[in-house]
Amino acid sequence: MAQKNSHFLQKAVAALVKNLSVRNRDIVSRRFGLGTGEKETLESIGKSYTITRERVRQIQDFALAQLASLAAINKDVSRHVAAAKTIVERRGGVMKEAELFKTYTGNEKMNAANASLAFLLSLSKEVSHLHENDHLHAVWAVNQEKLEAYQETIASLV
């Protein structure tokens, strides 16, 4: 099942980003690691296009805004987001990103399929994300309130 999820997930992302211009698609794909699972920095992408990292960020933001509106009405994207959200709900509303990846795609390490899942979830307003930092692993939550409660609980424990 996980392998099937990976295939259809990447197919949904490919169909979605196909709506972008070639350059914007390349920038988004490289930034999110959609082809390789390896995210690239604004700096490295900027160097390859001989533009500033700020310009890369602007292009990325523009492309993500376009994709977010398309993702909201795309049935395949909605199916993947709903399935991932259900997994997180069953785990109490907050789930470590690596565990979500393992459950959904069968692999907890970052790869193209997991990058695709993270990408689709980041376009959605249905879930919230906390990026990894020095103190916490990356997590996904069913909403902002659950995420804030999680952060408060962790802070009080520390």
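Everything below is about the structure shown above.
Residues numbered from 1 in each chain as written. Predicted model: local features only at pLDDT ≥ 70, side-chain atom pairs only at ≥ 80, totals over all residues. Heavy atoms only, no water.

Chemist: What am I meant to see in the packing of aromatic side chains here?
Modeler: We describe a pair of aromatic rings using the distance from one ring centre to the other and the angle between the two ring planes. Applying the stated criterion across every chain, the model contains one aromatic pair. Ring geometry for Phe32 versus Phe119: centroids 4.9 Å apart, planes at 70 degrees, classification edge-to-face. Residue Phe32 is located in helix H2 (residues 22–32), and its partner Phe119 is located in helix H7 (residues 112–123); the two are separated by 87 residues in the primary sequence. (Phe/Tyr/Trp six-rings, centres within 6.5 Å; stacked < 30°, edge-to-face > 60°. Helix = DSSP H or I, 4+ residues; strand = E, 2+ residues; numbered from the N terminus.)

Chemist: Looking at this structure, how should I read the environment of Ala14?
Modeler: Tracing the backbone through its elements, the reader meets Ala14 in helix H1 (residues 2–17). Assessed through its relative accessible area of 44%, Ala14 is described here as partly exposed. (Buried < 20%, exposed > 50% of the residue type's maximum accessible area, 1.4 Å probe, protein only.)

Chemist: Looking at this structure, I do not really get the pattern of salt bridges. What am I missing?
Modeler: Two side chains with opposite charge may pair up if their charged atoms get near one another. The full count for this structure, using the stated rule, is seven salt bridges. Across the pair Arg79 and Asp76 runs a salt bridge whose closest N-O atoms are separated by 2.8 Å. A residue pair is termed a helical-turn pair when its members lie 3 or 4 positions apart in one helix, as Arg79 and Asp76 do in helix H5 (residues 75–90) at three residues. (Salt bridge = Lys/Arg side-chain N within 4 Å of Asp/Glu carboxyl O.)

Chemist: I keep staring at the side chain of Glu97 and nothing clicks. Help me out?
Modeler: Looking at the element boundaries, Glu97 is found in helix H6 (residues 97–105). One buried charged residue, Glu97, remains without a salt bridge, the closest side chain of opposite sign being Lys39 at 6.1 Å. There is a polar contact of 3.1 Å between the side chain of Glu97 and the side chain of His129. Apart from residues lying up to four places away in sequence, Glu97 is in contact with Ala118, His129, Ala138, Val139 and Trp140. (Lys, Arg positive; Asp, Glu negative; His and termini not counted. Polar contact = N/O pair within 3.5 Å; in protein donor to acceptor, adjacent residues only side chain to side chain. Contact = heavy atoms within 4.5 Å.)

Chemist: Just checking my understanding: could you explain helix H8 (residues 144–157) for this structure?
Modeler: In an α-helix, one turn spans 3.6 residues, which is why side chains three or four residues apart end up on the same side. Here H8 is 14 residues long and its end C-alpha atoms lie 20 Å apart, about the 20 Å a rise of 1.5 Å per residue gives. One side-chain oxygen of the residue at the start of H8 lies 3.2 Å from the amide nitrogen of Glu145, identifying that residue as Asn143. (Expected span 1.5 Å × (residues − 1).)

Chemist: I'm lost on the sheet that holds strand S3 (residues 139–141) in this one. Help?
Modeler: Backbone hydrogen bonds are what pair the strands of a sheet, in a parallel or an antiparallel way. On the basis of which strands lie adjacent, the open sheet formed by three strands has the order S1-S3-S2 and antiparallel pairing. A strand with exactly one partner marks an edge of an open sheet, and here the two such strands are strand S1 (94–96) and strand S2 (128–130). Taking the axes of each pair of neighbouring strands and ignoring which way they run, one obtains an average angle of 20 degrees across the sheet. Pairing between S2 and S3: three bridges, direction antiparallel. (Pairing = 2+ DSSP bridges. Axes fitted to C-alpha atoms, helices over the stretch in contact; angles between N-to-C directions.)

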